[in-house]
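Examination of the molecular architecture
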Amino acid sequence: EVPRSIARTGLGAAVILISAGGLFWIKVRRLVMYALMELALGAVMAGMTMYRLIDEIALFEIASVIAAVYFVVRGLDNLKKGLEEKNG
């Protein structure tokens, strides 16, 4: 019998790889849709982080804000590229 931790790790890795493959497929085929997904993710991450902030900003919140900004910038860049591809 496979230990639960190894099974969980293997299943988690498989889910991540399949999800990444699916997202990459969307990015290659539908860049504008992918860009909108990135923008939505960045907005949700920013909102959740701002909601959690109370009085102090911990390292995790700083990293979350940086990640949210990164996703928004990536989303805007991919949106621009996708619209350029569509419009020739």
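Residues numbered from 1 in each chain as written. Predicted model: local features only at pLDDT ≥ 70, side-chain atom pairs only at ≥ 80, totals over all residues. Heavy atoms only, no water.

Our next topic: the pattern of salt bridges. For the structure on display, the rule yields three salt bridges. Across the pair Glu38 and Arg74 runs a salt bridge, and its minimum N-O distance is 3.8 Å. Within this pair, whereas Glu38 is found in helix 2 (residues 31–52), its partner Arg74 is found in helix 3 (residues 59–87), the two being separated by 36 residues in sequence. When its relative accessible area of 7% is taken as the criterion, Glu38 is described as buried. Among the salt bridges present, the one from Glu84 reaches Lys80, with a minimum N-O distance of 3.0 Å. Of the two residues, Glu84 and Lys80 both sit in helix 3, four residues apart, roughly one turn of that helix. (Salt bridge = Lys/Arg side-chain N within 4 Å of Asp/Glu carboxyl O. Helix = DSSP H or I, 4+ residues; strand = E, 2+ residues; numbered from the N terminus. Buried < 20%, exposed > 50% of the residue type's maximum accessible area, 1.4 Å probe, protein only.)

Scanning all chains against the criterion turns up one aromatic pair. Geometrically, the ring pair formed by Tyr70 and Phe71 is edge-to-face, given 5.9 Å between the ring centres and 70 degrees between the ring planes. Judged by its relative accessible area of 48%, Tyr70 is partly exposed. Accessibility expressed as a relative area gives 25% for Phe71, which makes it partly exposed. (Phe/Tyr/Trp six-rings, centres within 6.5 Å; stacked < 30°, edge-to-face > 60°.)

Let us look at the side chain of Glu38. Polar contacts involving the side chain of Glu38 include one to the side chain of Asn78, which spans 2.8 Å. Once residues lying within four places of it in the same chain are set aside, the contact partners of Glu38 are Phe71, Arg74, Gly75 and Asn78. (Polar contact = N/O pair within 3.5 Å; in protein donor to acceptor, adjacent residues only side chain to side chain. Contact = heavy atoms within 4.5 Å.)

Turning next to the packing of helix 2 against helix 3. As a packed pair, helix 2 and helix 3 sit with axes 7 Å apart at the nearest point and diverge in direction by 160 degrees. Taken together, helix 2 and helix 3 sit at an angle that is classed as roughly antiparallel. Seen along the crossing, helix 2 lies across helix 3 with a hand that is left-handed. Residue composition of the contact of helix 2 with helix 3, grouped by class: 20 nonpolar, six polar and seven charged. (Axes fitted to C-alpha atoms, helices over the stretch in contact; angles between N-to-C directions. Parallel < 35°, antiparallel > 145°, perpendicular 65-115°, else oblique. Left-handed = near helix turned anticlockwise from the far one by under 90°. Nonpolar A, V, L, I, M, F, W, Y, C, P; charged D, E, K, R; others polar.)

Moving on to the side chain of Thr49. By the element assignment, Thr49 lies in helix 2. Its relative accessible area of 2% is what places Thr49 among the buried residues. Excluding its chain neighbours within four sequence positions, the residues that come into contact with Thr49 are Glu61, Ser64 and Val65.

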